[in-house]
Amino acid sequence: MSSLANTLLRGSFFRVLNPVLNIAVAFFMIPFVINSIGDRWYGLWILVGTLVGYYGFFELGISTANERFIARALGKEDYEERDKVFNTALIIFLMIGILALIASGVIALISPMFMDNPADINIFRVVILLVGFDMAISFPIRSFYGFLYAHIRYDIVYMIGIIKLLIRTALIVYFLGRGHGIIALAVITLCVDVMQYALTVAYMRWKYPETRIRPMMATKTVARMLLGYSFFSFLANIAKQFRFQIAAFIITAFLGLTFVTHFNIGSRVAAYYLMLVTNAIALMKPVFSSLEGKGDFEEIRNKYFISVKLNAIMSVFIGGSILIYGKAFILRWMGPEYLDSYHVLAILTVGLIFGTMQTAPISMLFGISKHKFYALVMMGEAVVNVLLSIILIQRYGIVGVALGTTLPMLVTHIFIIPVYANRVIEFPFARYARVMLGCIGLGGAIHLASWLLIRDILTVSYQRIIILGISTSAAFIILNVFILLKKSERRHFKIPV
């Protein structure tokens, strides 16, 4: 296996493992924290997290721009440009961090406007300042993350993230289990995050000692370049987040809050699917940027082809598995009264199978600064999403909202994005289509056969779901690897030919 392939696989593994562990820990920790500090203080913790979460909009897509242009500089072997990009991004993030700190102070000052209990106000102020300070520090650290991502060191970043998760979980269990409250929760979060930031900076300084951290290297020219790229990255991210988040407002307006919960059950599982596939494949972006910096578009097309194939196999595998086992899982997890949540999940999953199949093409577009068209398409999809959801909810309820989300996604991700992406790098669309149809055809056939074999023995049991899931997954992976991947491709990943 080549050094690059090994690094990418290791990075993909840890980038998928990190959110999986976070989801698993949250599954057990949420009830523990609620029981430890009570509903009222946990509600305040969620309120603070929601408010500070909006600070993420301050980022404006600079992280993506930082990673892209550092990777391009590495491809050109222009280390002067690399350091200029890094330092310019660092200065921008420092200013954003100061803005986040000021915002936290303002929220703390005006808290009496939306809180009545004086005791709650004082606790809220302490927590918002601690969490806001944490977020403020995180912004300049993003320049270091982008630097490591550009060097394809996702594995290091996410390994440190896993260490942080384990330490934070242990500390929360220890201190909250001994009667400490929400302030202890905020202090633990801040301290462990600072540890994560320190480890990240220390690794970057140890591994790349030649990199110069000098704010004076920041330039207006590089800043304009970063902001010009990040604007459309920001638009695309907003549009994608809009996809699921707008549903809650539409459902509340037409059906009521109860139905929001039912929709959220299905959409959350679908969002986890989206996150897993995106985390596994999107790390190809700095590879495309580096190759574009070298001017090696032939190698871009080669890497694009294998990425598209692996991307399609993974999308069909996970999406099809959700369609087969999602109903039994939701019935076991939430109960039969949430059966409509599976209908939402199934519809969203169909759209996401085709949506996540475009992760590699989208990463390529971002990697070579051709993402403006994609951002505009996503904005258009978001508008159509809202209009269709409003129309269909009145006839089909929450299923109508799922259809309103899925239908425009199918159009953009089957007919628009792949056509544009292939045209940009002059990749034969017929070759691309053959790969996609092969993955969908073979994957669909295997999933159908799996469903016919297990449908009479699949029960509402975690144990049965896991055993059958592992069995059918093994068959899917083996058949796809030896039918869809050529001998040279299997050899590339040290898979027996």
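Rules behind the numbers
- Residues numbered from 1 in each chain as written.
- Predicted model: local features only at pLDDT ≥ 70, side-chain atom pairs only at ≥ 80, totals over all residues.
- Heavy atoms only, no water.
- Patch = residues over 30% accessible without salt bridge, like charges linked within 9 Å, V, L, I, M, F, W, Y side chains within 5 Å.
- Areas by Shrake-Rupley, 256 points an atom, 1.4 Å probe, with all protein chains shown as cover.
- Salt bridge = Lys/Arg side-chain N within 4 Å of Asp/Glu carboxyl O.
- Helix = DSSP H or I, 4+ residues; strand = E, 2+ residues; numbered from the N terminus.
- Core = buried A, V, L, I, M, F, W, Y, C linked by side-chain atoms within 4.5 Å.
- Buried < 20%, exposed > 50% of the residue type's maximum accessible area, 1.4 Å probe, protein only.
- Contact = heavy atoms within 4.5 Å.
- Phe/Tyr/Trp six-rings, centres within 6.5 Å; stacked < 30°, edge-to-face > 60°.
- Lys NZ or Arg CZ within 6 Å of the ring centre and 35° of its normal.
- Expected span 1.5 Å × (residues − 1).
- Axes fitted to C-alpha atoms, helices over the stretch in contact; angles between N-to-C directions.
- Parallel < 35°, antiparallel > 145°, perpendicular 65-115°, else oblique.
- Left-handed = near helix turned anticlockwise from the far one by under 90°.
- Nonpolar A, V, L, I, M, F, W, Y, C, P; charged D, E, K, R; others polar.

Novice: Please clarify how a nonpolar patch on the surface should be interpreted in this entry.
Specialist: A surface patch of nonpolar side chains, amounting to about 620 Å² of accessible area, comprises Phe27, Phe28, Phe329, Tyr462, Ile466 and Ile470. If you list the elements that add at least two residues to the nonpolar patch, you get helix H1 (3–53) and helix H16 (462–484). You can see Phe28 is positioned in helix H1.

Novice: Help me out: how do you make sense of the nonpolar core in this one?
Specialist: Most often, soluble globular proteins keep nonpolar side chains buried together rather than apart. Grouped together as the largest cluster of nonpolar side chains are 141 residues, with contacts concentrated most on Phe263, Tyr304 and Met364. Among the elements that take part in this core, helix H4 (residues 118–150) stands out by supplying 15 residues, more than any other. Setting aside residues up to four positions removed in sequence, Phe263 forms contacts with Ala247, Ile251, Val344, Leu348, Ile398, Val401 and Ala402. Membership of the second largest hydrophobic core comes to seven residues, among which are Ile324, Tyr325, Ile465 and Leu468.

Novice: Explain the packing of aromatic side chains here, please?
Specialist: Think of a pair of aromatic rings as described by two things: how far the centres are apart, and how the planes are tilted against each other in angle. One pass over the full model with this rule turns up 20 aromatic pairs. Between Phe86 and Phe144, the ring centres sit 5.1 Å apart and the planes meet at 80 degrees, which makes this aromatic pair edge-to-face. Taken together, the residues Phe86 in helix H3 (residues 79–110) and Phe144 in helix H4 connect sequence positions 58 residues apart. With relative accessibility at 6%, the residue Phe144 sits in the buried group. Centre to centre, the rings of Tyr149 and Tyr154 are 4.7 Å apart; their planes meet at 15 degrees, and the pair counts as stacked. With a relative accessible area of 2%, Tyr154 lands in the buried category. Taken together, the ring pairs connect Phe86, Phe144, Phe147 and Tyr208 into an aromatic cluster. For the cation-ring pair, Arg431 lies above Phe305, with the distance from its terminal atom to the ring centre recorded as 3.9 Å.

Novice: I would appreciate a short explanation of helix H15 (residues 429–454) in the present structure.
Specialist: Helical geometry note: an α-helix holds 3.6 residues per turn, so side chains three or four residues apart project in the same direction. With 26 residues, H15 extends 37 Å between its outermost C-alpha atoms, agreeing within 8% with the 38 Å of an ideal straight helix rising 1.5 Å per residue. Within the sequence span of H15, burial applies to Tyr432, Val435, Met436, Cys439, Leu442, Gly443, Ile446, His447, Ser450 and Ile454. On the buried face of H15, the contacting elements are helix H10 (297–333), helix H14 (398–424) and H16.

Novice: I'm lost on the packing of helix H9 (residues 285–294) against H10 in this one. Help?
Specialist: For any two helices packed against each other, one specifies the crossing angle of their axes together with the interaxial distance. At a minimum axis distance of 8 Å, the contact between H9 and H10 shows a crossing angle of 165 degrees. Regarding the angle of H9 to H10, the classification is roughly antiparallel. In the packing of H9 onto H10, the handedness of the crossing is left-handed. Side by side, H9 and H10 meet where Val287, Phe288, Leu291 and Glu292 of the first sit next to Phe297, Glu299, Ile300, Lys303, Tyr304 and Ser307 of the second. Residues that form the contact of H9 with H10 fall into these classes: six nonpolar, one polar and three charged.

Novice: I keep staring at the packing of helix H5 (residues 154–176) against helix H6 (residues 182–207) and nothing clicks. Help me out?
Specialist: As a packed pair, H5 and H6 sit with axes 9 Å apart at the nearest point and diverge in direction by 155 degrees. It follows from the interaxial angle that H5 and H6 lie roughly antiparallel. Of the two possible hands of crossing, H5 and H6 adopt the one that is right-handed. Between H5, through Ile156, Ile160, Gly161, Ile163, Lys164, Ile167, Arg168, Leu171, Ile172, Phe175 and Leu176, and H6, the contact on the second element is made entirely by Leu185, Ile188, Thr189, Val192, Asp193, Met195, Gln196, Leu199, Thr200 and Tyr203.

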